[in-house]
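# Understanding the architecture of this molecule
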Amino acid sequence: MSVRRITAVVLLALYLLLWALALSGATSLIEPLVIPLALAVMVALGVVLNRYLGLTPRKQHFQERDDERES
């Protein structure tokens, strides 16, 4: 497994543990735990809307340099 996958699994497990704590009585954790879910839903809906409308992604505004110096 890659480090990225292991990190994602550990963070998801921590997030679920915090939700378990929040639902078992630590109600002050609920509001901060809802924020990532709300952001994820907004991003997902934005992507779906962009695909539905057929909008193309923005092109990069900078030019790559061909004459990079090697150190």
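Calculation criteria
- Residues numbered from 1 in each chain as written.
- Predicted model: local features only at pLDDT ≥ 70, side-chain atom pairs only at ≥ 80, totals over all residues.
- Heavy atoms only, no water.
- Helix = DSSP H or I, 4+ residues; strand = E, 2+ residues; numbered from the N terminus.
- Rg over C-alpha atoms; globule rule 2.2 N^0.38 Å.
- Areas by Shrake-Rupley, 256 points an atom, 1.4 Å probe, with all protein chains shown as cover.
- Lys, Arg positive; Asp, Glu negative; His and termini not counted.
- Charge placed at Lys NZ, Arg CZ, Asp CG, Glu CD.
- Axes fitted to C-alpha atoms, helices over the stretch in contact; angles between N-to-C directions.
- Parallel < 35°, antiparallel > 145°, perpendicular 65-115°, else oblique.
- Left-handed = near helix turned anticlockwise from the far one by under 90°.
- Contact = heavy atoms within 4.5 Å.
- Nonpolar A, V, L, I, M, F, W, Y, C, P; charged D, E, K, R; others polar.
- Expected span 1.5 Å × (residues − 1).
- Patch = residues over 30% accessible without salt bridge, like charges linked within 9 Å, V, L, I, M, F, W, Y side chains within 5 Å.
- Salt bridge = Lys/Arg side-chain N within 4 Å of Asp/Glu carboxyl O.
- Buried < 20%, exposed > 50% of the residue type's maximum accessible area, 1.4 Å probe, protein only.
- Arc of directions from axis to C-beta.

## Some remarks on the overall build of the protein
Looking only at helices and strands, the protein has 2 helices and 0 strands in total. Relative to the globule expectation of 11 Å for 71 residues, the C-alpha radius of gyration of the protein, 20 Å, shows a markedly less compact shape. Dimensions of the protein along its principal axes, counting C-alpha atoms only, are 60 × 40 × 25 Å. Surface exposure of the protein reaches about 7100 Å², of which carbon and sulfur atoms provide 65%. One way to put it: in the protein the 7 positive side-chain charges average out to a point 8 Å from where the 6 negative ones average out.

## A word on the packing of helix α1 (residues 3–23) against helix α2 (residues 30–53)
One way to put it is that α1 packs onto α2 with a least axis distance of 10 Å and a crossing angle of 140°. By the angle class used here, α1 and α2 are oblique. Both α1 and α2 take part in a crossing whose hand is left-handed. Listed contacts from α2 to Y15, L18, W19 and A22 of α1 are I30, L33, V34, P36 and L37. Split into classes, the residues belonging to the contact of α1 with α2 amount to 9 nonpolar, no polar and no charged.

## Regarding α2
Here α2 spans 34 Å end to end across 24 residues, near enough to the 34 Å set by a 1.5 Å rise per residue. Note on α2: the residue one or two positions beyond its end, G54, has a positive phi of about 75°.

## A look at a nonpolar patch on the surface
Together, L11, L14, L17, L18 and L21 give the surface a local cluster of nonpolar side chains, amounting to about 430 Å² of exposed area. Residue position: L18 is located in helix α1. Since its relative accessible area comes to 30%, L18 is described here as partly exposed.

## Considering α1
The end-to-end C-alpha distance of α1, which contains 21 residues, comes to 30 Å, matching closely the 30 Å that a straight helix rising 1.5 Å per residue would cover. Buried within α1 we find Y15, W19 and A22. One side of α1 carries all its buried residues, which in axial view fall inside an arc of 60°. For α1, exposure combined with an orientation more than 90 degrees from the buried face picks out V3 and V10. The inward-facing, buried residues of α1 contact α2. Following α1 by one or two positions, G25 adopts a phi angle in the positive range, close to 145°.

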